[in-house]
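Examining the three-dimensional arrangement
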Amino acid sequence: MAKKSSVSSPQEQPHRLKPSDTMLTENMMKELKALKNREIDLSDEDAPEITTFGKVVVGKFYRPIKKQITVRIDADVLEWFRLSAKKYQTLINAACREYMVHHKTPHKKVKHKHL
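Let me begin by describing the structure that accompanies this report. These figures come from a predicted structure and were not determined experimentally. Here the residue numbering is sequential within each chain, running from 1 through the sequence in written order. Totals for whole chains, interfaces and linings use all residues, but because this is a predicted model, local features are given only for residues with pLDDT of at least 70 and pairs of side-chain atoms are given and counted only at 80 or more. The side-chain figures draw on all heavy atoms in the structure; neither hydrogens nor water molecules are used.

1. With respect to unusual backbone geometry
Trans peptide bonds make up most of the peptide bonds, and negative phi angles are found at most residues other than glycine. One non-glycine residue with positive phi stands out, namely Lys-104, at about 55 degrees. Secondary structure elements follow DSSP: runs of H or I of four or more residues count as helices, runs of E of two or more count as strands, with numbering from the N terminus. Here Lys-104 lies in the segment after α4 (88–103). Its relative accessible area of 67% is what places Lys-104 among the exposed residues. Between buried and exposed lies partly exposed: a residue is buried under 20% and exposed over 50% of the maximum accessible area for its type, with that area taken using a 1.4 Å probe on protein chains only.

2. Side note on the packing of aromatic side chains
Each Phe, Tyr or Trp ring (for Trp, its six-membered ring) is paired with any other whose centre lies within 6.5 Å, and the angle between the two planes then decides the class: stacked below 30 degrees, edge-to-face above 60, tilted in between. Considering all chains together, one arrives at one aromatic pair under this definition. Ring geometry for Trp-80 against Phe-81: centres 5.1 Å apart, planes inclined by 85 degrees, an arrangement best described as edge-to-face. Accessibility expressed as a relative area gives 12% for Phe-81, which makes it buried.

3. As for a nonpolar patch on the surface
Residues enter patches when they are more than 30% accessible in relative terms and free of salt bridges; like-charged ones are connected within 9 Å and nonpolar ones (Val, Leu, Ile, Met, Phe, Trp, Tyr) within 5 Å. Every accessible area reported is derived by Shrake-Rupley at a probe size of 1.4 Å, with residue values counting cover from the shown protein chains alone. What makes a salt bridge here is a side-chain nitrogen of Lys or Arg within 4 Å of a carboxyl oxygen of Asp or Glu, nothing more. Together, Leu-24, Met-28, Met-29, Leu-32 and Leu-35 give the surface a local cluster of nonpolar side chains, amounting to about 430 Å² of exposed area. Mapped onto the secondary structure, Leu-24 falls in the loop between α1 (19–22) and α2 (26–37). Judged by relative accessible area, Leu-24 falls into the partly exposed class, the value being 48%.

4. Examining the packing of helix α3 (residues 75–84) against α4
Two numbers describe how α3 lies on α4: the axes approach to 8 Å, and their chain directions differ by 115 degrees. Here α4 runs roughly perpendicular to α3, going by the angle between their axes. By crossing handedness, the relation of α3 to α4 is classed as right-handed. On α4, the residues that touch Leu-78, Phe-81, Arg-82 and Ser-84 of α3 are Tyr-88, Leu-91, Ile-92 and Ala-95. Only the contacting stretch of a helix is used when fitting its axis, a line to C-alpha atoms as for every element, and angles between N-to-C directions run 0 to 180 degrees. Comment on the angle field: the value is read as roughly parallel under 35 degrees, roughly antiparallel over 145, roughly perpendicular from 65 to 115, and oblique elsewhere. Crossing handedness is read from the near helix: turned anticlockwise from the far helix by less than a right angle, it gives a left-handed crossing, and turned clockwise, a right-handed one. Between two residues, a contact is recorded if the distance between any of their heavy atoms is within 4.5 Å.

Here is the structure:
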């Protein structure tokens, strides 16, 4: 039986930087400092004018912070959400968000008396 080589092809391995690859020489540092101090010429007539952003969707990549909690939901309500969507928790969150947006201000907290 032939042994498989443990070395993978260069396409399979990501390029790894060596410390020597990231070292900046003194000349490089001088060039960087000079770049920071120069002014950028924005009067170039060849530069394209941006007038529209096309089909940009504001907030497309916005993801609110999620917090894991435990919630007790009626069995029939949970079953309905589970049958409605594969990602039923996302659907529950969307329903809660719609309620929140519709009502704008949160309800006052009610202190329950323990009997």
